[in-house]
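Notes for the structure review
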Amino acid sequence: MGRRKVTVVGAGNVGATVAQRVAEKALADVVLVDIVEGVPQGKALDLAESAPVEGYDCRIVGTNSYAETAGSDIAVITAGIPRKPGMSRDDLLKTNYNIVKGVTEQIVANSPNCIIIVVSNPLDAMAQTAFKISKFPKNRVIGMAGVLDSARFRAFIGMELKVSVENIHAFVLGGHGDTMVPLPRYSTVSGIPITELLPKDTIDRLVQRTRDGGAEIVGLLKTSAWYAPGSSVVEMVDAILNDKKKILPCAAYLEGEYGVSGLFSGVPVKLGAKGIEQVIEITLNLEERAALQKSVAAVKELVDIIGV
């Protein structure tokens, strides 16, 4: 059995962080691809030179072509223009559609059996783009959003309660954007719902901060986040490569689940060697279902614009 290979398209902050953490966890060899000459090569070399100190033996290659990516097990698409202050994820739509379309075509040509994880924004619409362009089965195209949004929610809950984040589980459903649906009823601290631990106004504040989590960091850094998104991707990569059957919130192509058909939306799924091995349907109350439908409608607007 050959060594496992993960391709990361886009050698910006998110892509480089994914490459670093995949290597440091010794999950796979990494190919870092970018259109800017020197950038992927330089970052790959820098990571390779840190290997003797960190103690990993993964091969890391930086390139401007897709030849080195051939036979990848997973391809992570982070390519696209980043958000600037005052720019919504939706403003990125047309430019990033063309980028993701071209990247997907190259991935399919070189690694026809891989699993694609999409990170580029607007996330759900870009996942839909990769799915339609690749013609891969739905289990092999996944959007990374829910892991990140849930991590942010968990972090804010931990800050509020002053407890270990290891005790906290949280779920965020729906599209990756202003209409995402954090679920306090399903968010727990050592099994105790946060609705039993925090007053409603505090929960509402944490929910809103979660929705604004990306924008808050853009406001501070003047560009998009990368540490938490990178970690979130790698949790998914780990679940797939090591066949963990881990239940994580991811953007999945739905065909009737949650009353949604023909669109990507964030839902809990079981991630394993085949990609999405099961969509987990949880019971939503009327308010939660309405919020999810609103989120799905926002995704549909974007998908209709780009015609995928």
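Note that the coordinates shown come from a computational prediction; the quantities given were computed from them, not determined experimentally. (Residues numbered from 1 in each chain as written. Predicted model: local features only at pLDDT ≥ 70, side-chain atom pairs only at ≥ 80, totals over all residues. Heavy atoms only, no water.)

1. Topic: the state of the cysteines
Tallied over the entire structure, the rule returns zero disulfides. Looking at the unpaired Cys114, the closest cysteine sulfur is the one in Cys250, lying at 16 Å. Cys114 gets classed as buried once you look at its relative accessible area, which sits at 0%. We classify Cys250 as buried; its relative accessible area is 0%. (Disulfide = S-S within 2.5 Å. Buried < 20%, exposed > 50% of the residue type's maximum accessible area, 1.4 Å probe, protein only.)

2. Description of the pattern of salt bridges
Inspection of every chain in the model, using the stated rule, returns 13 salt bridges. Glu235 is paired through a salt bridge with Lys246; the nearest N and O atoms lie 2.9 Å apart. Of this pair, Glu235 sits in helix α8 (residues 227–241) while Lys246 sits in strand β12 (residues 246–255); the two residues are 11 residues apart in sequence, bridging distant segments of the chain. Its relative accessible area of 25% is what places Glu235 among the partly exposed residues. Across the salt bridge formed by Lys245 and Glu277, the nearest N and O atoms sit 2.7 Å from each other. Of this pair, Lys245 sits in the loop between α8 and β12 while Glu277 sits in strand β14 (residues 275–279); the two residues are 32 residues apart in sequence, bridging distant segments of the chain. Via salt bridges that share partners, Asp243, Lys245 and Glu277 belong to a single interconnected network. (Salt bridge = Lys/Arg side-chain N within 4 Å of Asp/Glu carboxyl O. Helix = DSSP H or I, 4+ residues; strand = E, 2+ residues; numbered from the N terminus.)

3. Looking at the layout of surface pockets
Taken as a whole, the largest pocket encloses approximately 750 Å³ of empty space. If you go around the largest pocket, you meet 37 residues; those closest to its centre are Thr78, Ala79, Gly80, Ile81 and Pro82. When residues of the lining of the largest pocket are traced back to their parent elements, those giving at least two are α1 (13–24), α3 (93–110), α5 (146–161) and α7 (213–221). Class assignment of the residues belonging to the lining of the largest pocket gives a composition of 19 nonpolar, 14 polar and four charged. Considered as a void within the structure, the second largest pocket measures approximately 530 Å³ in volume. (1 Å grid on protein atoms, 1.4 Å probe; cavity = no way out; pocket = protein on both sides within 12 Å on 5 of 7 lines; lining within 4 Å. Points joined across faces, edges and corners; volume = space filled by probe spheres on them. Nonpolar A, V, L, I, M, F, W, Y, C, P; charged D, E, K, R; others polar.)

4. A short note on the side chain of Ser134
Relative to the assigned elements, Ser134 resides in helix α4 (residues 123–134). Of the polar contacts made by the side chain of Ser134, one reaches the backbone oxygen of Phe131; its length is 3.2 Å. Looking at Ser134, its side chain comes within polar contact range of the main-chain nitrogen of Phe136, at 3.1 Å. Ser134 has contacts with Thr104, Val108, Ile116 and Val141, leaving out every residue within four places of it along the chain. (Polar contact = N/O pair within 3.5 Å; in protein donor to acceptor, adjacent residues only side chain to side chain. Contact = heavy atoms within 4.5 Å.)

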